[in-house]
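Single-letter residue listing:
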Amino acid sequence: AAGRSELDLLAISKRTAVESGDNSVVLEAEVKKHGIILLSALAPDLNWLAGSSDLSVSVCGDYDNPVVEGRASFSDTKIWPSLLAEPLEKLAGEVTFNSSSCIEINSLKGLSGGRPITVAGALPMDNERTSAAGVLLRTKGMVLNVEDVFYGTIATDLKVEGSLKRPVVSGSLAVSDGVIFAASPSPSITPDEISSFEYNQDFISANAPFLGFEKFEVALGRNVQLVYPYVLNFGATGSVTLDGSTLNPLPSGRIDFSQGELNLVTTKLELQPGDRNFATFTPTNGLDPVLHLSLEDRDVSVKMRNVKATKWAQNLELIDKAGGHVDQAAWVSFITKRLLEVREGLNAQVGIPNLAAKALVNSYAIKGKVGASTWRLYPTLMNVLGGSPNSFESFGLAAELEQGKFAFSAKKSMEGTGNLGLNFRPNDNIRIQFETEGSISTAEIEIRVSKSHSRRKAHRDTDHSEPSLSGKP
């Protein structure tokens, strides 16, 4: 025994009896104290870092369809799955597994960031075996990091029933101090899909893994933001109860929005706290909530009243506070273009790949008024060395000043590069824009004739038409 390695294989054998047509396998292995070495090979995504683990495995039965049984016990183990913002430490407990019956977790406990997590119970392998009582998962104050989907603190009291192949979740999930992303990198998206938000439901397909829901409540608590990077940032509270499954979700509930803005670069529309701003989910509409929103800036008001999210583009209510004409088609076209540009930028994954970092550009701003002038100072992301193969994104600082018919903007990156811009709108039909970046200067003149637009451009090929700070497209 003294000459054995740390991986102490007690017995290994394979038996084949050709005379009787028998083709079977018997394999038994046991690893003392250093099972973490083998577990790292079997489950590398859990990122096993340290600790002690005993592991035993038994394989027997038909060679093509053997029965696998195993047991793993943990003591003071440390792992760091990618879904956790902080490692799971002091993990202790025991897990047993039988491929023909169930997986059983015997009081698995640990700490993530000093906050407890406990898992206990049993789950059958398939729905034909339903004797297992289910698995309970309880956490309090654990920080979760699902890349490009969610980052924040959660508290859970969940029960997983059904089977390992078709799990059904019930209980509650409370979210606080977090960011929920309304957009993430994806395959190419068309303008029509952008305008109807169809891409937000891409995961509901025949290829999606099955996960059932039974009165599963998701509650959004303090300091939760719904973010479409660069474009939208709403504070969100409320709760939604889920039934059905990932293939046919049946949500019900309401999410209220507060202290948010829609950032269209030169126009920033803010949620009006005096109005009700919310999204209502019903089982009939699935993940297509009914929106009730009111946003405005100094000159224009944008409202959506009892409008399905997929129909937002057809149901915008636009009001010019000065009593002028507002071209709804132009606004829809610009918003769609803005969302598509951001989406394509996320797909490119240039410079700053983590949406949690990108969300900062929507989260903080200092603004005020001096006499008839309005000003705003905020962090931004800039494309450094734009147009070259070595271009990249960098954090920077931006400032805007608007007075009457003039709007001035300035940006500077951490690398020292920057640009200056000046917008002049003598009337509702003419807009003149000047911009300098390094030694390059550009000018654009936009003349509005009836409901169509024609442009004469100097030194510029790309269409950068967008609503101005005054809110008029």
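Refer to the structure printed above.
Here the structure is a predicted model, which is why all the values come from computation and not from measurement.

Q: Sorry if this is basic, but what is going on with the overall build of the protein here?
A: Each helix and strand counted, the protein has five helices and 27 strands in total. By residue count, 40% of the 473 residues in the protein fall in the buried class. For the protein, the share of sequence-separated contacts (at least 6 apart) that also reach a separation of at least 24 residues comes to 46%. With an accessible surface of roughly 24800 Å², the protein has 57% of that area assigned to carbon and sulfur atoms.

Q: What exactly am I supposed to notice about the side chain of T153 here?
A: Along the polypeptide, T153 turns up in strand β9 (residues 150-162). Classification of T153 as buried rests on a relative accessible area of 19%.

Q: Hey, could you run me through helix α1 (residues 35-42) in this one?
A: Side chains of residues three or four places apart in an α-helix project in the same direction, reflecting 3.6 residues per turn. Every buried residue of α1 is accounted for by G35, I36 and L39. Considered in projection along α1, the buried side chains sweep an arc of 95 degrees and stay on one side of the axis.

Q: For this particular structure, what's the right way to read the pairing of strand β16 (residues 278-281)?
A: Regular strands have side chains that alternate between both faces of the sheet. Two strands pair when backbone bridges link them, and strand β14 (residues 249-263) and β16 are joined in this way by four bridges, in the antiparallel orientation. When the bridges of β16 are listed, I255 appears paired with A279.

Q: Is there a simple way to think about the packing of aromatic side chains in this case?
A: Both the distance between ring centres and the angle between the ring planes are used here to describe each pair of aromatic rings. Using the criterion set out here, one finds four aromatic pairs in the structure. Its guanidinium or amino end placed over the ring of F210, R166 lies 3.8 Å from that ring's centre, counting from NZ or CZ. Positioned over the ring face of F278 is R254, at 3.8 Å from the centre of the ring.

Q: Sorry if this is basic, but what is going on with the pattern of salt bridges here?
A: Counted under the stated rule, the structure contains twelve salt bridges. Residue K303 pairs with D275 through a salt bridge whose shortest N-O separation is 3.5 Å. With K303 in strand β18 (residues 300-308) and D275 in the loop between β15 (268-271) and β16, this residue pair connects regions lying 28 residues apart in the sequence. Looking at K303, the relative accessible area reads 14%, which means it is buried. Salt bridges sharing partners connect three or more residues here, namely R298, D299 and E402.

Q: Can you walk me through the nonpolar core in this structure?
A: Across soluble globular proteins, nonpolar side chains have a tendency to be buried as a group. Counting 65 residues, the largest nonpolar core has F257, L293 and W331 as its most contacted members. Those residues in contact with F257 that sit more than four places away from it in its chain are L226, F234, G235, A236, L271, N277, F278, A279 and L293.

Q: Please clarify how the environment of S373 should be interpreted in this entry.
A: You can see S373 is positioned in strand β21 (residues 373-384). Judged by relative accessible area, S373 falls into the buried class, the value being 10%. For the pair S373 and Q403, spaced 30 residues apart in sequence, the C-alpha separation works out to 4.6 Å. Ignoring sequence-local partners within four residues, the contact set of S373 consists of G368, L401, E402 and Q403. In this structure the side chain of S373 is engaged in a polar contact, spanning 3.1 Å, whose partner is the side chain of Q403.

So, how was this worked out
Residues numbered from 1 in each chain as written. Predicted model: local features only at pLDDT ≥ 70, side-chain atom pairs only at ≥ 80, totals over all residues. Heavy atoms only, no water. Helix = DSSP H or I, 4+ residues; strand = E, 2+ residues; numbered from the N terminus. Buried < 20%, exposed > 50% of the residue type's maximum accessible area, 1.4 Å probe, protein only. Contact = heavy atoms within 4.5 Å. Areas by Shrake-Rupley, 256 points an atom, 1.4 Å probe, with all protein chains shown as cover. Arc of directions from axis to C-beta. Pairing = 2+ DSSP bridges. Phe/Tyr/Trp six-rings, centres within 6.5 Å; stacked < 30°, edge-to-face > 60°. Lys NZ or Arg CZ within 6 Å of the ring centre and 35° of its normal. Salt bridge = Lys/Arg side-chain N within 4 Å of Asp/Glu carboxyl O. Core = buried A, V, L, I, M, F, W, Y, C linked by side-chain atoms within 4.5 Å. Polar contact = N/O pair within 3.5 Å; in protein donor to acceptor, adjacent residues only side chain to side chain.

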